[in-house]
Amino acid sequence: MNKELLMQSARQMKERAYVPYSKFPVGAAILLADGSVINGVNVENVSLGATNCAERTAIFTAVASGYKKGDFRAIAVAGDTKDFLPPCSICRQVLAEFCLPDMPVYLTNDKNDILELTLKELLPYAFTDLEM
Ligand code: THU
């Protein structure tokens, strides 16, 4: 699957976001090694800190579906923002737990441009090992 299709999947997913507080819907789409796509949306809570971002929802859904470290090939993230919407720092850390540093991360803006980064570019010097 190409990045445009993966981003389309992330974009469509925004409709399912539960965002009564921020009114800021985000959708994510993860491409797995077997070609499957698993999606996520942000799910907010009146206790705001209990909110889960779209990227983490997608990662956790993939893990709960049986996918393992090394099965993650790319992630696309879509919001309704003028500029490219980047994953928050907590999501970057969660991505670093399951995805290789060179994995592509696709961001988009309101003109439907796609910015391709790597996870390593988003989170250099990631903390991934307790045995340091
Ligand atoms: N959010 C995401 O789901 N992903 C991002 O990359 C950035 C922020 C959510 C969290 C919250 O529901 C809303 O966007 C506003 O911060």
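You'll find the chain entered in an unreviewed UniProt entry as Cytidine deaminase, with Bacillus suaedaesalsae given as the organism. The annotation that UniProt attaches to the chain under Cofactor (unreviewed entry) is "Zn(2+)". The UniProt entry for the chain carries the following comment under Sequence similarities (unreviewed entry): "Belongs to the cytidine and deoxycytidylate deaminase family."

Chemist: Got a minute to help me understand the pattern of salt bridges in this structure?
Modeler: Note on pairing: side chains with opposite charge can pair once their charged atoms come close. Summed over all chains, the structure comprises 5 salt bridges. A salt bridge links lysine 111 to aspartate 110; the nearest nitrogen and oxygen atoms lie 3.9 Å apart.

Chemist: Would you explain the sheet that holds strand β2 (residues 37-41) in this entry?
Modeler: Strand pairing within a sheet occurs via backbone hydrogen bonds; the two strands may be parallel or antiparallel. Pairing is mixed across the open sheet formed by 5 strands, whose spatial order is β2-β1-β3-β4-β5. Of all the strands in the sheet, just β2 and β5 (114-118) have a single pairing partner and so form its edges. Strand after strand, the sheet turns through a mean of 20° between neighbouring axes, direction not considered. Across 5 bridges, the pairing between strand β4 (residues 104-108) and β5 is antiparallel. Bridge pairing links proline 104 to threonine 118 in β5. Against the sheet, helix α2 (residues 54-64) touches β1 (27-32), β2 and β3 (72-78), its axis set at about 135° to β2.

Procedures and definitions
Residues numbered from 1 in each chain as written. Predicted model: local features only at pLDDT ≥ 70, side-chain atom pairs only at ≥ 80, totals over all residues. Heavy atoms only, no water. UniProt positions renumbered as here; feature names shortened; annotations may be inferred. Salt bridge = Lys/Arg side-chain N within 4 Å of Asp/Glu carboxyl O. Pairing = 2+ DSSP bridges. Helix = DSSP H or I, 4+ residues; strand = E, 2+ residues; numbered from the N terminus. Axes fitted to C-alpha atoms, helices over the stretch in contact; angles between N-to-C directions. Contact = heavy atoms within 4.5 Å.

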